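Chain residues, written in single-letter form:
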Amino acid sequence: MQAPVRYSPAVEDVKPDEDETIQGLCGTFDTILQKVADDSGHAVRSVHAKAHGILEGTLRIAEGLPPELAQGLFATPGEHKVFMRLSTNAGDILPDSVSLPRGLALKVLDVPGERLPDAEGTTQNFIMVNGPVFQAPDAGKFLGSLKLLAGTTDRAEGLKVFGSTVLRGVNKALQAVGIESPTIASLGGAPNVDPLGETYYSVTPFRYGDYIAKFSLAPVSPGLTALTGTEIDASGRPNAIRETVQGEMAGLEAVWEFRVQLCRDLARQPVEDPTVAWDEEEAPFQRVATVTVHPQDSWDPARVDAVDEHMRFSVWTGLSAHRPLGNINRARNAPYRHSAEFRQRFNGCPIHEPTAGR
């Protein structure tokens, strides 16, 4: 196995039109945000608007990690309180019969160290989805797709349900012959799987102290792995996923492994193109920590209010040692903050970073 690639600013290739693209993203997200807020009277996130569970748990960083893994947050063994938000990726609140990729946002509390520019508080955020690649190679291509989706926000719910059923069939047919389509999944053709059994990926790369890495969170406790691949029947149940997770977490001791995939060849594991999966044989995922969540009410009103309404998740909230890398990550900074500021302003609800004491 090759030695991991050392981080330097030269691993990124910043294009001259990125600021223009970012402004386009903010404007398109505004369309989504304003439409949903006007229709419902309440502002939600511009992506991953619908939460299915809010969990509180503990991140335990392993002792005795080799130097290449003992980096940034993971350089010091110990425990940190975490909040976990399970979601799907649409910017409007849809019935769960529209099946979309799952998302998992993890907020690690009370993390010391040098912060990223404008990163408030002392938390480290990780945002992941249940697939190893992104649907677009760069922010410009993503903006084109987002503009099309913005035109359907809060419209034709029945058509979206029907279309999702059709696309699920198409996706399963493609998977049967070994073809994965992130685009079809993002349009409603994803399997309607139980989010608790899924493995999640950062998709995009990050600085990992002296190195470069992608992240993953994988279920390892028997109660979670038994749910892997299990599909939820959401017929006539608009909040079927939330109800399912709530029932399961009431009696489930849940443990995930937090894993790191170190870049070992910039040509084969590129920084700037998140549509390329990093081959796990050449760059294996390695465990650096666990996340444990004890049985709890995953839709506890107080916790939902504290996390879903009063917090935001951003890959740019964290340590300089885990700086987001690549075009897609650079394009996430301003729109994420823009979305949170819109929610805060429309709802009259201050958003802040938590500490373990609150």
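Being a predicted model, the structure only gives us computed values, none of them experimental. (Residues numbered from 1 in each chain as written. Predicted model: local features only at pLDDT ≥ 70, side-chain atom pairs only at ≥ 80, totals over all residues. Heavy atoms only, no water.)

(A) Broad picture of the environment of Arg-268. Tracing the chain through its elements places Arg-268 in the loop between strand S8 (254-262) and strand S9 (285-293). Sequence-wise, Arg-268 and Glu-282 are 14 residues apart; in three dimensions their C-alpha atoms are separated by 9.0 Å. Sequence-distant contacts of Arg-268, that is, excluding residues within four places in its chain, are made with Val-276 and Glu-282. Of note is the side chain of Arg-268, whose polar atom sits 2.5 Å from the side chain of Glu-282. (Helix = DSSP H or I, 4+ residues; strand = E, 2+ residues; numbered from the N terminus. Contact = heavy atoms within 4.5 Å. Polar contact = N/O pair within 3.5 Å; in protein donor to acceptor, adjacent residues only side chain to side chain.)

(B) Summary view of the pairing of S8. Counting buried positions along S8 yields 8 of 9 residues, so the element is predominantly enclosed. Direction of pairing for strand S7 (residues 211-219) relative to S8: antiparallel, over a ladder of 7 bridges. In the strand pairing of S8, Lys-214 is matched with Gln-261. Relative to S9, S8 runs antiparallel, the two sharing 8 bridges. Across the sheet, the residue bridging to Trp-256 is Val-291, located in S9. (Buried < 20%, exposed > 50% of the residue type's maximum accessible area, 1.4 Å probe, protein only. Pairing = 2+ DSSP bridges.)

(C) Representation of the packing of helix H1 (residues 18-40) against helix H9 (residues 333-347) in the model. At a minimum axis distance of 9 Å, the contact between H1 and H9 shows a crossing angle of 30 degrees. In terms of orientation, H1 lies roughly parallel with respect to H9. Where H1 crosses over H9, the handedness of that crossing is right-handed. Between H1, through Ile-22, Leu-25, Cys-26, Phe-29, Asp-30, Leu-33, Gln-34, Ala-37 and Asp-38, and H9, the contact on the second element is made entirely by Ala-334, Pro-335, His-338, Ser-339, Phe-342 and Phe-346. The residue makeup of the contact of H1 with H9, split by class, is 10 nonpolar, 3 polar and 2 charged. (Axes fitted to C-alpha atoms, helices over the stretch in contact; angles between N-to-C directions. Parallel < 35°, antiparallel > 145°, perpendicular 65-115°, else oblique. Left-handed = near helix turned anticlockwise from the far one by under 90°. Nonpolar A, V, L, I, M, F, W, Y, C, P; charged D, E, K, R; others polar.)

(D) Quick peek at the environment of Ile-241. Assignment of secondary structure puts Ile-241 in helix H6 (residues 240-249). Between the alpha carbons of Ile-241 and Leu-86 there is a distance of 9.8 Å; along the sequence they are 155 residues apart. Beyond its immediate chain neighbours, meaning those up to four positions away, Ile-241 contacts His-52, Asp-96, Arg-102, Asn-192, Pro-195 and Ile-232.

(E) Quick look at the side chain of Arg-303. The residue Arg-303 is located in helix H7 (residues 301-309) in this model. In this structure the side chain of Arg-303 is engaged in a polar contact, spanning 3.3 Å, whose partner is the backbone oxygen of Ile-54. A distance of 3.2 Å separates a polar atom in the side chain of Arg-303 from a polar atom in the side chain of Gln-296. If sequence neighbours within four positions are ignored, Arg-303 has contacts with Ile-54, Leu-55, Glu-56, Phe-83, Gln-296, Asp-297 and Asp-308.

(F) Seen up close, the nonpolar core. One finds Phe-74, Trp-256 and Phe-258 to be the most contacted residues of the largest nonpolar core, which totals 59 residues. Counting 15 residues, the second largest nonpolar core, distinct from the first, contains Ile-22, Leu-33, Leu-143 and Ala-331. (Core = buried A, V, L, I, M, F, W, Y, C linked by side-chain atoms within 4.5 Å.)

(G) Main features of the packing of aromatic side chains. Across all of its chains, the model carries 11 aromatic pairs by this definition. Pairwise contacts between aromatic rings join Phe-74, Phe-126, Phe-206, Tyr-208, Phe-215 and Phe-258 into one cluster. In this arrangement the basic side chain of Lys-107 is found over the ring face of Phe-313, its NZ or CZ atom lying 4.8 Å from the centre. Taking the ring centre of Trp-299 as reference, the NZ or CZ of Arg-242 above it sits at 3.9 Å. (Phe/Tyr/Trp six-rings, centres within 6.5 Å; stacked < 30°, edge-to-face > 60°. Lys NZ or Arg CZ within 6 Å of the ring centre and 35° of its normal.)

(H) Region of interest: the pattern of salt bridges. Counted according to the given criterion, the structure contains 20 salt bridges. With its nearest N and O atoms 2.9 Å apart, the salt bridge here joins Arg-259 to Glu-257. When the shortest N-O distance is used, the salt bridge between Arg-268 and Glu-282 registers 2.5 Å. On the criterion of sequence distance, the pair formed by Arg-268 in the loop between S8 and S9 and Glu-282 in the loop between S8 and S9 is long-range, its members being 14 residues apart. Judged by relative accessible area, Arg-268 falls into the partly exposed class, the value being 47%. A relative accessible area of 29% places Glu-282 in the partly exposed class. Because the salt bridges share partners, they merge into one network encompassing Glu-12, Glu-18, Glu-272 and Arg-330. (Salt bridge = Lys/Arg side-chain N within 4 Å of Asp/Glu carboxyl O.)

(I) Local environment of the side chain of Ser-298. Structurally, Ser-298 can be placed in the loop between S9 and H7. Ser-298 sits in the buried class, given a relative accessible area of 0%. A polar contact of 3.4 Å, which involves the side chain of Ser-298, links it to the backbone nitrogen of Gln-246. Sequence-distant contacts of Ser-298, that is, excluding residues within four places in its chain, are made with Gly-53, Ile-54, Leu-55, Val-245, Gln-246 and Met-249.

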